[in-house]
Amino acid sequence: MNTYLPFIQDALEAGAKIAAKNFGKVSGTVKGSDNNQVLTETDLEVGKLLVDVVRRQFPDHNVIDEEAGVIDRG
């Protein structure tokens, strides 16, 4: 069994709660770096959550996030 599975399930459930809470209330802005992409508050909120849970669970791991960029832990 994959030892990461419980972590992944918990992280996805937390992200899904944010998405469900914001469903139907989403307003977006065009990304400054690419006017073909829309960025929503939900995107940012879920991204921050996922980066935070990875950093807490795996403090020595590098993280790459579409909006936050690279968090280099060496």
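Data block above holds the structure.
First, a word on scope: everything that follows refers to the structure included in this document. Each residue is numbered by its place in its chain's sequence as written, counting from 1. Thresholds applied to this predicted model are a pLDDT of at least 70 for local features of residues and 80 or more for the giving and counting of side-chain atom pairs; totals over whole chains, interfaces and linings are not thresholded and use all residues. Side-chain metrics in this entry use all non-hydrogen atoms of the structure; hydrogen atoms and water are not considered.

With that out of the way, let us pick up the packing of helix α1 (residues 5–22) against helix α2 (residues 41–57). At a minimum axis distance of 10 Å, the contact between α1 and α2 shows a crossing angle of 160°. As the angle between them shows, α1 and α2 are arranged roughly antiparallel. Crossing geometry of α1 relative to α2 is assigned as right-handed. Each of Phe7, Ala11, Ala14, Gly15, Ile18, Ala19, Lys21 and Asn22 in α1 lies in contact with α2, whose residues at this interface are Thr42, Glu45, Val46, Leu49, Leu50, Val53, Val54 and Gln57. Each residue gets one of three labels, nonpolar for Ala, Val, Leu, Ile, Met, Phe, Trp, Tyr, Cys and Pro, charged for Asp, Glu, Lys and Arg, and polar for the others, Gly among them. Here the residues of the contact of α1 with α2 sort into 10 nonpolar, 4 polar and 2 charged. For helices, the axis comes from a line fit to the C-alpha atoms of the stretch in contact; other axes are also lines fit to C-alpha atoms, and the angle between any two N-to-C directions lies between 0 and 180 degrees. Note on conventions: DSSP H or I runs of at least 4 residues are helices, E runs of at least 2 residues are strands, and numbering of each starts at the N terminus. Should an angle lie under 35 degrees it is considered roughly parallel, over 145 roughly antiparallel, and from 65 to 115 roughly perpendicular; all remaining angles are considered oblique. By convention the crossing between two helices is left-handed if the near helix lies anticlockwise of the far one by an angle smaller than a right angle, and right-handed if it lies clockwise. Contacts are residue-level and defined by heavy atoms, with any inter-residue pair within 4.5 Å sufficient.

This part is about the side chain of Asn22. By the element assignment, Asn22 lies in helix α1. Whenever two N or O atoms come within 3.5 Å, that pair is a polar contact, provided that in protein one can donate a hydrogen and the other can accept it, and provided that, for residues adjacent in sequence, both atoms are side-chain atoms. Only 3.4 Å separates the side chain of Asn22 from the side chain of Glu45, close enough to count as a polar contact. Apart from the residues lying within four places of it in its own chain, the contact partners of Asn22 are Thr42 and Glu45.

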